[in-house]
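Commentary on secondary and tertiary structure
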Amino acid sequence: MVSSAAPDLSVPVRRELFGGAIEMHVPERFSDISDFRQVPDHQECFADGIIDQSLMVELLDHKGEVRDEESARFFYEDLAQANDSVETDIARIGALAVEEMPHFDAGVVKYICEGTQCVVKSKDTPDAVNVIQVLLACVRLPQAGTDILITMNTPLTIHPSSRAAADGLSAPQPSTCAADALQLFMHALRTLQIYDWGLFGEPSVNNQ
């Protein structure tokens, strides 16, 4: 009798972004948010609702006034402000090596920022603070007038009185959860590839 074992939804699968102009591998357990609600044209969003984990790719106007070595911190702190983070920590900022994003040439500036943000979900009381691991990578493409942001949010601790806890969410062991998320994030970065540079309005642009 042929076994009908359930597929492993944790295995990364190929996802087409922005109409196929970009590709990245994301675990099948992550749903495409655009299947449920409208997502801005400059964003691609995926989420695992069971553990409240999300992964987003954004195409932003290039911030020419921000120095390359400060770019990851700039975008991370900008995100913290947007999240109304009550406490923000940065564990590491560093340049990404060619082997970590092999589909981009060595001359392309690529940085990563790892940290945590303490956030309160809307409609929660001010003391219902959840600790979120935030992984952020930025790829700077000044010739295309674009900064690509890849961001992953993973809850490390969920306050018992938060809406997330009421919905039955509970974060795994923080250290294990953080390590697994980083591994997943780095795999997503390794598989990120641009196929159609016309997405940026410049068909002749390449990743030099």
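In this report, we go over the structure that sits alongside the text. None of the values given here were measured: they were computed from a predicted structure. (Residues numbered from 1 in each chain as written. Predicted model: local features only at pLDDT ≥ 70, side-chain atom pairs only at ≥ 80, totals over all residues. Heavy atoms only, no water.)

Scanning the model with the defined rule gives zero disulfides in all. Cys138 provides the cysteine sulfur closest to Cys113, a residue in no disulfide bond, and the two sulfurs are 9.0 Å apart. By relative accessible area, Cys138 is classed as buried at 0%. (Disulfide = S-S within 2.5 Å. Buried < 20%, exposed > 50% of the residue type's maximum accessible area, 1.4 Å probe, protein only.)

Here we come to the environment of Gly64. You can see Gly64 is positioned in the loop between β5 (53-61) and α1 (71-82). Relative accessible area serves as the criterion here: at 57%, Gly64 is assigned to the exposed category. (Helix = DSSP H or I, 4+ residues; strand = E, 2+ residues; numbered from the N terminus.)

For the rest of this paragraph, the subject is the sheet that holds strand β1 (residues 12-17). In spatial order, the strands read β1-β2-β10; together these three strands make up an open sheet with antiparallel pairing. Either end of the sheet is taken by a strand with one partner, and the two such strands are β1 and β10 (193-194). Relative to strand β2 (residues 22-27), β1 runs antiparallel, the two being bridged by six bridges. Bridge assignment links Val13 to a residue of β2, and that residue is Val26. (Pairing = 2+ DSSP bridges.)

On to the environment of Lys110. Positionally, Lys110 belongs in strand β7 (residues 109-119). Accessibility expressed as a relative area gives 3% for Lys110, which makes it buried. Those residues within four positions of Lys110 in sequence are excluded, and the remaining contacts are Gly94, Ala95, Leu96, Ala97, Met101, Phe104, Asp105, Cys138 and Val139. A distance of 2.8 Å separates a polar side-chain atom of Lys110 from the backbone oxygen of Val108. (Contact = heavy atoms within 4.5 Å. Polar contact = N/O pair within 3.5 Å; in protein donor to acceptor, adjacent residues only side chain to side chain.)

Counting buried residues in strand β8 (residues 130-141) gives eleven out of twelve residues, a clear majority hidden from the surface. Strand direction decides the pairing type here: β7 and β8, joined by eleven bridges, are antiparallel. Across the sheet, Cys113 pairs through a bridge with Leu136, a residue of β8. Bridging between β8 and strand β9 (residues 146-157) involves eleven bridges; their strand directions are antiparallel. For Gln133, the partnering residue across the bridge sits in β9 and is Thr154. Adjacent in sequence and paired antiparallel, β8 and β9 are bridged by four residues, among which Gly145 carries a positive phi angle near 65°.

With that settled, consider the pairing of β5. Taken residue by residue, a regular strand's side chains alternate between the two faces of the sheet. Sheet topology places strand β4 (residues 43-48) next to β5; six bridges connect them, and they run antiparallel. Note that in β5 the partner of Cys45 across the bridge is Met56. Connecting β4 to the next strand, β5, in antiparallel fashion are four residues, including Asp52 with a positive phi near 60°.

Across the sheet, seven strands lie side by side as β3-β4-β5-β9-β8-β7-β6; this open sheet has antiparallel pairing. The two strands at the open ends of the sheet, each matched to only one other strand, are β3 (31-32) and β6 (87-95).

As a further point, take the side chain of Gln43. One can find Gln43 in strand β4. Residues within four places of Gln43 in sequence aside, it is in contact with Phe18, Met56, Val57 and Glu58.

On to the environment of Ala188. Secondary-structure assignment places Ala188 in helix α3 (residues 174-191). When the C-alpha positions of Ala188 and Arg14 are compared, they lie 9.8 Å apart, and in sequence the two are 174 residues distant. Those residues in contact with Ala188, other than ones at most four positions away along the chain, are Met24, His25 and Leu55.

Turning our attention to the nonpolar core. Leu55, Leu141, Ile148, Ile150 and Phe185 are the most contacted members of the largest nonpolar core, which has 34 residues in total. Those elements that provide at least two residues to this core are β2, β5, β8, β9 and α3. The element that contributes the greatest number of residues to this core is α3, accounting for six residues. Here Phe185 is in contact with Leu55, Ile112, Leu135, Leu136, Ala137, Ile150, Thr151 and Met152, once residues within four sequence places are set aside. (Core = buried A, V, L, I, M, F, W, Y, C linked by side-chain atoms within 4.5 Å.)

The values are spatial; any link to function lies outside them.
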